[in-house]
Amino acid sequence: METSGGIQASLSGRYATALFALARETKSIDTVEASLATVRATLDQSDDFRRLTQSPLVSRKQAAAAVAATADVMGVDATTKNFLGVLAENRRLSQLPAVMRAFRDLAANFRGETTAEVTSAHPLDAEQVDALKQQLRTRIGREVAVDLSVDPSLLGGLVVKIGSQMIDSSIKTRLNSLAHAMKG
């Protein structure tokens with residue numbers, strides 16, 4: 001398996017690598033990736049689920065039961081559901097966002113893609129995502145998978161991170177730059 005040493009060096013990277021190896025073995029990389037996208041959306045939208053993953057006060061047993069029930073409601077695949085249970089049992093649910101990012105990177109690398117982390121002020125529709133992928137593909141010269149997140153504080157525009165490169169076209173950054181220049 002091709003993975004970067006950086007991914008494997010972190011705790012979340014080791015979990016992601018284990019999940020990726022299992023998904024590859026069972027030929028379910030796309031299925032697990034889609035399930036993790038559902039989990040990510042649930043984390044973004046549900047305060048209760050986010051608190052469950054971050055609270056040190058929830059026992060292992062309670063966390064495992066709650067995660068299993070939530071996984072059923074989300075409709076994730078069995079591999080992802082079992083993986084979430086393992087994270088709960090090991091008290092590592094707080095690592096879930098980092099694990100999902102690392103898994104996405106591993107899957108993209110496996111497909112020969114580059115991953116771009118895209119943060120927008122509002123959710124992007126499928127047409128906007130396709131147009132963004134095309135622009136990034138033209139700029140980078142290879143296929144690009146996008147990891148989407150929403151941050152209303154940006155006010156508008158996008159922040160795109162590809163590796164160490166960042167493209168920030170958010171209104172928030174433009175306003176901050178303008179305010180800084182006016183103080184000058």
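Structural data are supplied above this passage.
Residues numbered from 1 in each chain as written. Predicted model: local features only at pLDDT ≥ 70, side-chain atom pairs only at ≥ 80, totals over all residues. Heavy atoms only, no water.

**Some thoughts on the pattern of salt bridges**
Here is step 1: Applying the stated criterion across every chain yields a total of nine salt bridges.
Here is step 2: A salt bridge links Arg51 to Asp48; the nearest nitrogen and oxygen atoms lie 2.6 Å apart. Of the two residues, Arg51 and Asp48 are both situated in helix α4 (residues 47-54); the distance of three residues between them amounts to about one turn of the helix.
Here is step 3: For Arg111, the salt bridge is made with Glu113, and the minimal N-O distance between the two is 3.2 Å.
Here is step 4: The partly exposed category is assigned to Arg111, whose relative accessible area is 34%.
Here is step 5: Given a relative accessible area of 18%, Glu113 falls into the buried group.
Here is step 6: When salt bridges that share partners are traced, they join Asp30, Glu33, Arg104, Arg111 and Glu113 into one network. (Salt bridge = Lys/Arg side-chain N within 4 Å of Asp/Glu carboxyl O. Helix = DSSP H or I, 4+ residues; strand = E, 2+ residues; numbered from the N terminus. Buried < 20%, exposed > 50% of the residue type's maximum accessible area, 1.4 Å probe, protein only.)

**Concerning the pairing of strand β1 (residues 114-120)**
Moving residue by residue along a regular strand, the side chains alternate between the two faces of the sheet.
Here is step 1: In terms of burial, β1 is a largely internal element, five of the seven residues being buried.
Here is step 2: Looking at chain direction, β1 and strand β2 (residues 144-150) are connected through seven bridges and run parallel. For Thr115, the partnering residue across the bridge sits in β2 and is Ala145.
Here is step 3: In the sheet, β1 pairs with strand β3 (residues 158-162) via four bridges, with the strands oriented antiparallel. If you follow Thr119 over to β3, its bridge partner there is Val159. (Pairing = 2+ DSSP bridges.)

**A look at the sheet that holds β1**
Here is step 1: Strand order in the open sheet made by the four strands is β2-β1-β3-β4, with mixed pairing throughout. Whereas interior strands pair on both sides, the edge strands pair on one side only; in this sheet they are β2 and β4 (165-168). Recorded for the sheet is a direction-independent mean angle of 20° between the axes of neighbouring strands.
Here is step 2: On the sheet, helix α8 (residues 126-140) packs against β1, β2, β3 and β4 and is oriented at approximately 130° with respect to β2. (Axes fitted to C-alpha atoms, helices over the stretch in contact; angles between N-to-C directions. Contact = heavy atoms within 4.5 Å.)

**A look at the environment of His122**
Here is step 1: Take His122: it is sitting in the loop between β1 and α8.
Here is step 2: Classification of His122 by relative accessible area gives exposed; the value is 54%.
Here is step 3: Sequence spacing of His122 and Leu158 is 36 residues, and the spatial spacing of their C-alpha atoms is 9.3 Å.
Here is step 4: Dropping the residues within four chain positions of it, His122 is found in contact with Val150 and Leu155.

**Some remarks on the packing of aromatic side chains**
Here is step 1: A full pass over the atoms with the stated rule returns three aromatic pairs.
Here is step 2: An angle of 70° between the planes, with centres 6.3 Å apart, marks the rings of Tyr15 and Phe83 as edge-to-face. Of this pair, Tyr15 sits in helix α2 (residues 11-25) while Phe83 sits in helix α6 (residues 78-89), and the two are 68 residues apart along the sequence.
Here is step 3: Taking relative accessible area as the criterion, Tyr15 reaches 15% and is therefore assigned buried.
Here is step 4: Given the relative accessible area of 9%, Phe83 is considered buried.
Here is step 5: Taken together, a centroid distance of 5.7 Å and an interplanar angle of 70° make the contact between Phe20 and Phe110 edge-to-face. With Phe20 in helix α2 and Phe110 in helix α7 (residues 96-110), this pair connects stretches of sequence that are 90 residues apart.
Here is step 6: Given a relative accessible area of 1%, Phe20 falls into the buried group. (Phe/Tyr/Trp six-rings, centres within 6.5 Å; stacked < 30°, edge-to-face > 60°.)

Just distances and angles here, no functional claims.
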